[in-house]
Amino acid sequence: MKILVLGGGAREHALLLALSRDPAVTSLTCAPGNAGTAALADNCAVDPADPAAVVALVAEIGADLVVVGPEVPLVAGVADAVRAAGTACFGPSAEAARIEGSKSFAKQVMAAAGVATAAAQVFSSAQQCAEHLRAAPAPYVVKADGLAAGKGVHVGSDLPTAVAFARDVLAEPGTTAVIEAYLDGPEVSLFALSDGTTVVPLLPAQDFKRVGDGDAGPNTGGMGAYAPLPWLPADAVARIEREVLQPVVEEMARRGTPFQGLLYAGLAMTSTGPQVIEFNCRFGDPETQVVLALLETPLAGVLLACATGRLGDVGPLRWRDGAAVTVVVAAEGYPAAPVTGDPLTVGPLPEGVAVLHAGTRVESGAVLSTGGRVVSVTAVAASLSTARDLAYEGVAAVGLRGGHWRTDIATAAAAGEGAVP
Ligand code: AMP
Ligand code: GLY
């Protein structure tokens, strides 16, 4: 099977690593890729969000399957274009990708499907939005209604800051602001494969969204993750499948926009049960790095089955025992103003550790940072605490001037802390 992976982050590096372990795979191409993916795939300098350019690349390399990593190409209709040209594509249509692209659309789908989520109101007037915030209890949750790469959300207890954030969101022409009730409880990222009908959940993971230790500082794309979650009740995944994933997939099909690809539910485990914070229409980054590190079932066959409506034929997925931890090393200044162009070096790594590249490129034989999240150091071991220690040993082998990372990824969970209220 010849596979084209679209995207250039550590999630795509993780997808390629898992695909490269599948004996059915004969060739891997990545567009645009990064310095790390170049070791596993042919990198092609094609814009992954340009439907015509992607279709041309698919024809040129004779791909049997396209796997779309990021949300931007999906919202731009790249999966539709690939399928229209007759090639199997893992990833939802632009219509179905609205579950991530529009927060108000996601709320409508959840209301129709009876899925628990934070109460929300949409505003186009800054004044009405401010009045609503003044009357609401803290903490305040304000979101921009559109794709914002994890930066379109403000959560905080200071009223003037929340009002100012909403005003800034609404200053963008054509945008609306969503004000939500605050959901209290630990967060879970649960990914599910769907072929439009059948739903197969993957292992639950947890992401660390804030830039600093102890959840300090601004939101980022994600600074680290671990899987599985020792504190999560054993029946939680089945409950989320039954109460969230299956109803949403059924509602999308009922609307004539079946969801085929990876449905990512970001949930708060509250005292009244799981409640949806957001949906994404693609694998999460960095959770994919840990989830796929534990997958034993060959990935290409599963993604192809998903893309061709045969997910029901795939038996239960097989997972490695143990746990995986990933720690993101970010560029100096990330997330506000990431510095680019610093050399990246990686020394000898302990067994079970992989350095997955995100913001990197090769220039004159050297690997340079291109900003943002630069690498995602991923470790697999028999226990969560060993995986955590190994991941940090791997981080110590990474050389990046000004690079920074959180030092508390999976620490509480490895110490047996954390529980659903
Ligand atoms: P989102 O981009 O919607 O995933 O939001 C980013 C982060 O903001 C989430 O991972 C949560 O940590 C936080 N967040 C978003 N919505 C809520 C909410 N209603 N209650 C509490 N925290 C939230
Ligand atoms: N880890 C959060 C995301 O992928 O959106």
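Above this text you will find the structure in question.
These notes cover the structure that comes with them. (Residues numbered from 1 in each chain as written. Chains lettered and ligands numbered in written order. Predicted model: local features only at pLDDT ≥ 70, side-chain atom pairs only at ≥ 80, totals over all residues. Heavy atoms only, no water.)

### Digging into the sheet that holds strand 12 (residues 206-207)
At step 1: Reading across from one edge, 12-15-18-23-20 is the order of the 5 strands in this open sheet, with antiparallel pairing throughout. If you trace the sheet from one side to the other, it starts and ends with strand 12 and strand 20 (353-357), each paired once.
At step 2: Contacts from helix 1 (residues 10-20) reach strand 20 and strand 23 (373-381), with the element oriented near 125° to strand 20.
At step 3: The sheet strands contacting helix 12 (residues 384-396) are strand 15 (224-227), strand 18 (323-330), strand 20 and strand 23, and the helix crosses strand 18 at an angle near 25°. (Pairing = 2+ DSSP bridges. Helix = DSSP H or I, 4+ residues; strand = E, 2+ residues; numbered from the N terminus. Contact = heavy atoms within 4.5 Å. Axes fitted to C-alpha atoms, helices over the stretch in contact; angles between N-to-C directions.)

### Section: the site of ligand 1
At step 1: Around ligand 1 sit 15 residues, and of these E180, L183, E187, K209 and E278 come closest.
At step 2: One of the side-chain N or O atoms of E180 is found 2.8 Å from a nitrogen atom in ligand 1.
At step 3: Measuring from a nitrogen atom of ligand 1, one finds a backbone N or O atom of A181 at 2.9 Å.
At step 4: Protein chains bury 92% of the 470 Å² of accessible surface belonging to ligand 1 in isolation.
At step 5: Looking at the shell around ligand 1, the elements that each hand over two or more residues are strand 7 (140-144), strand 8 (153-156) and strand 17 (273-280).
At step 6: Across the shell around ligand 1, the residue classes break down as 8 nonpolar, 1 polar and 6 charged. (Near = heavy atom within 4 Å. Polar contact = N/O pair within 3.5 Å; in protein donor to acceptor, adjacent residues only side chain to side chain. Areas by Shrake-Rupley, 256 points an atom, 1.4 Å probe, with all protein chains shown as cover. Nonpolar A, V, L, I, M, F, W, Y, C, P; charged D, E, K, R; others polar.)

### Observations regarding the packing of helix 1 against helix 11 (residues 299-307)
At step 1: It is at 7 Å that the axes of helix 1 and helix 11 come closest, and there the two elements cross at 110°. When the interaxial angle is binned, helix 1 and helix 11 end up roughly perpendicular. Taken together, the residues of helix 11 that come into contact with helix 1 (itself represented by L15, A18 and L19) are L299, A300 and L303.
At step 2: Across the contact of helix 1 with helix 11, the residue classes break down as 6 nonpolar, no polar and no charged. (Parallel < 35°, antiparallel > 145°, perpendicular 65-115°, else oblique.)

### Quick word on the packing of helix 6 (residues 103-113) against helix 9 (residues 236-254)
Each pair of packed helices gets described by two things: the angle between the helix axes and the distance between those axes.
At step 1: Interhelical geometry of helix 6 versus helix 9 gives an angle of 105° and a closest axis separation of 9 Å. By the criterion of interaxial angle, the relationship of helix 6 to helix 9 is roughly perpendicular. Between helix 6, through F105, V109, A112 and A113, and helix 9, the contact on the second element is made entirely by P247, V248, E251 and M252.
At step 2: Residues of the contact of helix 6 with helix 9, tallied by class, amount to 7 nonpolar, no polar and 1 charged.

### Structural notes on the site of ligand 2
At step 1: As a structural note, the neighbourhood of ligand 2 is formed by D207, K209, G221, Y264, N280, R282, G284, D285, P286 and E287.
At step 2: G221 is positioned with one of its backbone polar atoms (N or O) 3.4 Å from a nitrogen atom of ligand 2.
At step 3: At 3.4 Å, a side-chain N or O of N280 approaches an oxygen atom of ligand 2.
At step 4: Its free accessible area being 200 Å², ligand 2 has 89% of it covered by the protein chains.
At step 5: Taken together, the residues of the shell around ligand 2 sort by class into 2 nonpolar, 3 polar and 5 charged.

### So, the side chain of D145
At step 1: Take D145: it is sitting in the loop between strand 7 and strand 8.
At step 2: Of the buried charged residues, D145 lacks a salt bridge, with K103 as the closest side chain of opposite charge at 7.0 Å.
At step 3: Polar contacts involving the side chain of D145 include one to the side chain of S104, which spans 2.7 Å.
At step 4: Non-local contacts of D145, meaning those with residues more than four positions away in its chain, are made with S102, K103, S104, T176 and V178. (Buried < 20%, exposed > 50% of the residue type's maximum accessible area, 1.4 Å probe, protein only. Lys, Arg positive; Asp, Glu negative; His and termini not counted. Salt bridge = Lys/Arg side-chain N within 4 Å of Asp/Glu carboxyl O.)

### A word on helix 8 (residues 159-171)
At step 1: Taking 1.5 Å per residue, 13 residues should reach 18 Å; helix 8 reaches 18 Å between its end C-alpha atoms and fits that length.
At step 2: Turning to helix 8, its buried residues are A162, V163, F165, A166, V169 and L170. Buried residues of helix 8, seen end-on, are gathered within an arc of 160° and therefore sit on one face of the element. Set apart from the buried face of helix 8 by more than 90 degrees, the exposed residues are P160 and A171.
At step 3: Each element contacted by the buried residues of helix 8 is listed here: strand 6 (120-123), helix 7 (126-135), strand 7, strand 8 and strand 9 (177-180). (Expected span 1.5 Å × (residues − 1). Arc of directions from axis to C-beta.)

### Quick word on the pattern of salt bridges
At step 1: All told, the structure shown has 17 salt bridges when counted by the stated rule.
At step 2: Between R282 and E100 there is a salt bridge, with the nearest N and O atoms lying 3.1 Å from each other. Separated by 182 residues along the polypeptide, R282 in the loop between strand 17 and helix 10 (287-293) and E100 in helix 5 (residues 94-101) bring together distant segments of the chain.
At step 3: Taking the relative accessible area as the measure of exposure, R282 reaches 12% and is therefore buried.
At step 4: Residue classification places E100 among the buried positions, given a relative accessible area of 7%.
At step 5: Salt-bridge contacts for D215 lead to R406; the nearest nitrogen and oxygen are separated by 3.0 Å. Here D215 is found in the loop between strand 13 (210-212) and strand 14 (216-219), whereas its partner R406 is found in the loop between strand 24 (398-400) and helix 13 (411-414), with 191 residues between them in sequence.
At step 6: The exposure class of D215 is partly exposed, given its relative accessible area of 47%.
At step 7: Under the relative-accessibility criterion, R406 is labelled buried at 1%.
At step 8: Salt bridges sharing common partners tie together E71, E100 and R282.

### Points about helix 5
At step 1: Taken together, the buried positions of helix 5 are occupied by A96, A97, I99, E100 and G101.
At step 2: Looking at the buried side of helix 5, the elements it contacts are helix 3 (71-75), helix 6, helix 9, strand 16 (260-270) and strand 17.

### Thoughts on the environment of L311
At step 1: One can find L311 in the loop between helix 11 and strand 18.
At step 2: Sequence separation of L311 and D207 is 104 residues, and the distance between their C-alpha atoms is 27 Å.
At step 3: When near neighbours in sequence (up to four residues on either side) are disregarded, L311 contacts L193, S194, D195, T198, V200, V302, A305 and C306.

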